[in-house]
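One letter stands for each residue in the lines below.
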Amino acid sequence: MTVNELSNNDFLTPVVICDAGVEISGVYIGDLLSWVMNTLQEGQLWVTIMSNINILAVASLKEASAIILAEGVKLPEDIQETAKAKGINVLSSTMPAYETAKKLSMLGF
Amino acid sequence: MSEELKFTYNVDGEDFNSAGQASVSVKKNLRQLGIDPEIIRKVSIAMYEGEINMVIHAHGGTADVFVDDEKIGIVLSDKGPGIADISKAMQEGYSTATDTVRALGFGAGMGLPNMKRYTDYMNIESQIGEGTTITMHVKYQ
Ligand SMILES: Nc1ncnc2c1ncn2[C@@H]1O[C@H](COP(=O)(O)OP(=O)(O)O)[C@@H](O)[C@H]1O
Ligand SMILES: [Mg+2]
C-alpha cells in the first residue's frame with residue numbers, strides 16, 4: 001500500500017504529503033528518538049506523539065514512509081513547512097497510538 | 001576510491017532545531033558516492049547519536065567523516081564537560097539528560113550503546129572539563 005492509498009482512510013488526516021507514491025513496509029510505534037533510530041525499518045510508518053522538529057531528521061535518516069501523529073497531536077506550522085522542504089510525509093490521527101495501530105492492522109499491516 | 005575523502009561539519013550546540021543536519025548531509029553525500037545502503041544505514045544511526053550528544057551534552061562540536069576504500073570513519077570532537085565514567089555512560093538507559101531535553105524525545109540513554117552496536121570500532125577519549133572525542137569506523141565487509 002502506498003501513502004496515497006493510506007491517506008484515503010477516514011481515521012487519518014493528511015498533514016503534509018510530499019511523496020504520495022512511497023510504499024509502506026510496516027508500522028513502528030515509539031517516542032524516544034534513540035529507540036526509533038535503532039528499530040524503525042525503512043519504509044515503515046512511524047506512529048508517535050512527538051511533534052517537535054527533531055522527528056523530521058529521524059524520519060529522514062531512517063526513511064520512514066510517513067509519520068503518523070497520534071492523539072490528535074498538531075504539527076506546528078513552521079515544522080510543516082520544514083517537512084515539506086525535506087519531503088517528509090505526515091498524517092495525523094485523533095486516536096491514541098494503540099487504536100491507531102489497530103486500524104492500521106485491519107488494513108493488513 | 002584510491003584517495004581518501006573528507007567531509008567536515010560544524011555542529012551547533014545552541015540549536016536543537018537543526019540537530020541532526022550533519023548526519024542528514026553525510027547520508028546524502030555517501031549516497032552520491034554510491035556507498036552500500038546497509039553501510040549508510042549504520043553510519044547514519046551512529047553519527048546521528050553522536051551528533052545529538054554533542055548538541056545536548058557538550059554545546060556542539062565538529063564532525064569529520066572520512067571515506068576510504070575499506071571503511072567510513074567518523075570523528076566527533078567537542079569541548080564540552082567530558083564524560084566522568086565512560087563505562088557507566090555506555091550502559092543502556094544511563095542518561096544525564098535534562099527534563100527539557102527528554103521532553104523532545106532525547107535522553108533514552110541508548111545513544112552510546114547504539115553507536116557501539118552499529119560500528120565495527122569505537123573509541124572514546126574524554127577529559128573532564130576539556131572535552132570528548134569519539135572515533136568510529138564502519139567497515140565495508
Ligand atoms: N559528547 C558528550 N559530552 C559529555 N557527555 C556525554 C557526551 N556524550 C555522552 N555523554 C554522557 O553519556 C551519557 C549517555 O549518553 P547516551 O547513551 O547517548 O544517552 P543520552 O544521550 O540519551 O543521555 C549522557 O547522558 C551524558 O552524561
Ligand atoms: Mg545520546
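Bear in mind the structure is a predicted one, so any value in this text is a computation, not a measurement.

Novice: If you had to explain the sheet that holds strand S3 (residues 44–48) of chain A to someone new, which residues and values would you point to?
Specialist: All names here are of chain A. Taken together, the 5 strands give an open sheet; going across it, the order is S1-S5-S4-S3-S2, and neighbouring strands pair in mixed fashion. One side of each edge strand has no neighbouring strand; the edge strands of this open sheet are strand S1 (13–16) and strand S2 (26–29). Neighbouring strand axes in the sheet, compared pairwise and without regard to direction, differ in orientation by 30° on average. With 3 bridges connecting them, S1 and strand S5 (residues 90–92) associate as antiparallel partners. For Pro14, the partnering residue across the bridge sits in S5 and is Leu91.

Novice: Account for the site of ligand 1, naming residues and giving values.
Specialist: All names here are of chain B. Close to ligand 1 lie 19 residues, the nearest being Asn53, His57, Ser95, Thr96 and Gly109. Note that an oxygen atom of ligand 1 is positioned 3.4 Å from one of the backbone N or O atoms of Gly107. At 3.2 Å, a backbone N or O of Gly111 approaches an oxygen atom of ligand 1. When ligand 1 sits alone it has 530 Å² of accessible area, and the protein chains cover 95% of it. Only helix H2 (37–58) and helix H5 (111–117) provide two or more residues apiece to the shell around ligand 1.

Novice: Explain the side chain of Asn52 of chain A to me, using residue names and the numbers behind them.
Specialist: Structurally, Asn52 of chain A is set in the loop between S3 and helix H3 (54–62). Of the polar contacts made by the side chain of Asn52 of chain A, one reaches the side chain of Asn54 of chain A; its length is 2.8 Å. A polar contact is formed between the side chain of Asn52 of chain A and the backbone oxygen of Leu104 of chain B, at a distance of 3.0 Å. Ignoring anything within four residues of it in the chain, the contact list for Asn52 of chain A reads Ile79 of chain A together with Ala103 and Leu104 of chain B.

Novice: Give me the lowdown on the interface of chain A and chain B, citing residues and values where you can.
Specialist: Taken together, the contact between chain A and chain B spans 18 residues of the former and 23 residues of the latter. Across the chain A/chain B interface, buried area totals approximately 1800 Å², and carbon plus sulfur atoms make up 54% of it. Taken together, chain A and chain B are joined by 2 salt bridges. The salt bridge partner of Glu63 of chain A is Arg31 of chain B, with a shortest N-O separation of 2.8 Å.

Novice: Describe the packing of helix H1 (residues 21–32) of chain B against H2 of chain B, listing the residues and the values that go with them.
Specialist: All names here are of chain B. The interhelical angle for the contact between H1 and H2, taken along N-to-C directions, is 160°, at an axis separation of 8 Å. Relative to H2, the element H1 is oriented roughly antiparallel. Taken as a pair, H1 and H2 cross one another with a handedness that is right-handed. Within the contact between the two elements, H1 uses Gln21, Ala22, Ser23, Val26, Lys27, Leu30 and Arg31 and H2 uses Ile40, Val43, Ser44, Met47, Tyr48 and Glu51. Tallied by class, residues from the contact of H1 with H2 come to 7 nonpolar, 3 polar and 3 charged.

Parameters and conventions
- Residues numbered from 1 in each chain as written.
- Chains lettered and ligands numbered in written order.
- Predicted model: local features only at pLDDT ≥ 70, side-chain atom pairs only at ≥ 80, totals over all residues.
- Heavy atoms only, no water.
- Pairing = 2+ DSSP bridges.
- Helix = DSSP H or I, 4+ residues; strand = E, 2+ residues; numbered from the N terminus.
- Axes fitted to C-alpha atoms, helices over the stretch in contact; angles between N-to-C directions.
- Near = heavy atom within 4 Å.
- Polar contact = N/O pair within 3.5 Å; in protein donor to acceptor, adjacent residues only side chain to side chain.
- Areas by Shrake-Rupley, 256 points an atom, 1.4 Å probe, with all protein chains shown as cover.
- Contact = heavy atoms within 4.5 Å.
- Buried area = accessible area lost by both parts, 1.4 Å probe.
- Salt bridge = Lys/Arg side-chain N within 4 Å of Asp/Glu carboxyl O.
- Parallel < 35°, antiparallel > 145°, perpendicular 65-115°, else oblique.
- Left-handed = near helix turned anticlockwise from the far one by under 90°.
- Nonpolar A, V, L, I, M, F, W, Y, C, P; charged D, E, K, R; others polar.

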